[in-house]
Amino acid sequence: MTTTRNPGLEDTTDVRAVPRRSVGQTLLASGTVLALVALIVFFFAMRPDIFLGFTNVRNILYQVAILAIIAGAQTIVMVVGDFDLSVAATSALAGAVASSMMLGGVPVPAAILVGLAVGLLVGLVNGVLVAYLNLSAFVATLATLTSVTGLAFLVTEGTTLFKMPAEFNNLGQGRFLQIPLPVFIAAGISLILWALLRYTTLGRRWYATGGNAEVSRLSGVNVRVARLLAFTVAGLVSAIGGILLAARLGSASAVQGEDNLLFSVAAVFLGMTVVRSGAANIMGTLVGVAIIGVMSNGLNILGVNSYVQQVVTGLIIIAAVTLSSLKTRER
């Protein structure tokens, strides 16, 4: 005797029920975005006459533009499961080299290209140390941080360089449609990095390497080359941020933008909590950058002491790492 099943019900018998997510899991998944919204609401409630005005919003975007670029560089390295302590120092050296060359009479475009080449070279050195000499990324980039900072002091002779050409300063101080140019540049770089990670073979290899380097190697991915390229791209992107920062400030020094290291790390860890996979990602990093920018701007408006802001930044890093760890356990 043959039996028949209702064709309309057949598919439903083999589908496993998807468990509902708990309230805690839902909050964990969306906590970073909710934190950003909460900060905006709080500071707007405290200073409704200023906080969400066009001028202040523009200031926030202007303040975080360079950080967004540096955090993008840090994101690339953390996608492959590594860490780069030298991103801020690399940016300072690139800005110092470009500025020094311009003051020496080198045309602006050529000086900028040399500055970018410096960042590319630093990233390449980091990649060789980590991928081919098998040094810990933390140790290798800490050594690079020290050496690069020393080189920056040599280039600037321990002083602050200024009086760069107006053509160069306009890159960081000019506006288009009343929006500072660095905001557009940061948005463009973020879009390129997002597309690189999402739609290219290299981006998929970076994520695979960060997920499990040994499995990736057995699957045919050249893990060493992938890590080398990640550090090299990070060095180049960091150099762009440093050169743009020098143009924005109209000056260059060996320790310029040193706070961007900690801020970039915080932004990337915050961004890792945005996606379900818990991996570093550009869109999440931008959310983290926005949180840092809104917090800093809001505290300044409220007249909070800068030392208190440093304490708050440290707490944000702790919270970001904790949330990222919980995200990994959930996965």
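All of these numbers come straight from a predicted model, not from anything done at the bench.

**Student:** Sorry if this is basic, but what is going on with the packing of helix α3 (residues 54-79) against helix α11 (residues 223-249) here?
**Tutor:** Between two packed helices, both the angle of their axes relative to each other and the distance between the axes serve to describe the pair. The N-to-C vectors of α3 and α11 enclose an angle of 170°; their axes lie 7 Å apart at closest approach. Classed by the angle they form, the pair α3 and α11 counts as roughly antiparallel. Once α3 is placed against α11, the crossing between them reads as left-handed. Contacts between α3 and α11 involve Tyr62, Gln63, Ile66, Ile69, Ile70, Ala73, Ile76 and Val77 from the former and Ala230, Phe231, Ala234, Val237, Ser238, Gly241, Leu244, Leu245 and Arg248 from the latter. The residue inventory of the contact of α3 with α11, partitioned by class, reads 13 nonpolar, 3 polar and 1 charged.

**Student:** Mind showing me how you'd approach the side chain of Ser238 here?
**Tutor:** With respect to the helices and strands, the residue Ser238 is situated in helix α11. Each residue touching Ser238, except ones within four places of it in the same chain, is listed here: Ile70, Ala73, Val87, Thr90 and Ser91.

**Student:** What am I meant to see in helix α4 (residues 87-103) here?
**Tutor:** An α-helix turns once every 3.6 residues. As a result, residues three or four positions apart point the same way. Relative to the 24 Å expected for 17 residues at 1.5 Å per residue, α4 spans 24 Å between its end C-alpha atoms, a close match to the ideal helical length. Counting buried positions along α4 yields 14 of 17 residues, so the element is predominantly enclosed. The positive-phi residue at the C-terminal boundary of α4 is Gly105, with phi of around 100°.

**Student:** I keep staring at the nonpolar core and nothing clicks. Help me out?
**Tutor:** Here is a general trend for soluble globular proteins: nonpolar side chains tend to be buried in one another's company. Trp206 and Val289 are the most contacted members of the largest nonpolar core, which has 59 residues in total. A per-element tally of this core places α3 first, with 14 residues. Filtering out sequence-adjacent residues up to four positions away, Val289 remains in contact with Val64, Leu67, Ala68, Ala71 and Ala267. Counting residues in each nonpolar core, the second largest holds 14 residues, with Ala98, Ile112, Phe168 and Ala246 among its members.

**Student:** Explanation requested: the pattern of salt bridges in the structure shown.
**Tutor:** Should their charged atoms come close, side chains of opposite charge can pair. Applying the stated criterion to the full structure yields 3 salt bridges. Across the pair Arg227 and Asp82 runs a salt bridge, and its minimum N-O distance is 2.9 Å. Here the residue Arg227 occupies a position in helix α11, and Asp82 occupies one in the loop between α3 and α4, the gap between them amounting to 145 residues. The class for Asp82 is buried, based on a relative accessible area of 10%. The closest approach of N and O atoms between Glu214 and Arg217, which form a salt bridge, is 2.5 Å. Of this pair, Glu214 and Arg217 both sit in helix α10 (residues 213-218), separated by 3 residues, roughly a single helical turn. Note on Arg217: relative accessible area 46%, which makes it partly exposed.

The rules behind these values
- Residue indices follow the written sequence of each chain, beginning from 1 at its first position.
- The predicted nature of this model means local features are confined to residues of pLDDT at least 70 and side-chain atom pairs, given and counted, to a pLDDT of 80 or more, with totals for whole chains, interfaces and linings taken over all residues.
- Hydrogens and water molecules were not included; the side-chain quantities draw on all heavy atoms of the structure.
- Every axis in this analysis is a line fitted to C-alpha atoms, fitted for helices over the stretch in contact. Angles between the N-to-C directions lie between 0 and 180 degrees.
- Comment: elements are numbered from the N terminus, with helices defined as DSSP H or I runs of at least four residues and strands as E runs of at least two.
- Any angle that is under 35 degrees is reported as roughly parallel, and any over 145 degrees as roughly antiparallel; angles of 65 to 115 degrees are reported as roughly perpendicular and all others as oblique.
- For any helix crossing, the convention is left-handed if the near helix is rotated counterclockwise from the far helix by under a right angle, and right-handed if that rotation is clockwise.
- Contact between two residues is taken to exist if any of their heavy atoms lie within 4.5 Å; hydrogens are not considered.
- All residues other than Ala, Val, Leu, Ile, Met, Phe, Trp, Tyr, Cys, Pro, Asp, Glu, Lys and Arg, Gly among them, are scored as polar; the first ten of these are nonpolar and the last four charged.
- A helix is expected to reach a length of 1.5 Å times the quantity of its residues less one.
- The cut-offs for exposure are 20% and 50% of the maximum accessible area for each residue type, with area from a 1.4 Å probe on protein chains only; residues under the lower value are buried, those over the upper are exposed, and the others partly exposed.
- Put simply, a nonpolar core is a bunch of buried Ala, Val, Leu, Ile, Met, Phe, Trp, Tyr and Cys residues held in one set by side-chain atoms that sit within 4.5 Å of each other.
- The salt bridge definition used is simple: a Lys or Arg side-chain nitrogen within 4 Å of an Asp or Glu carboxyl oxygen.

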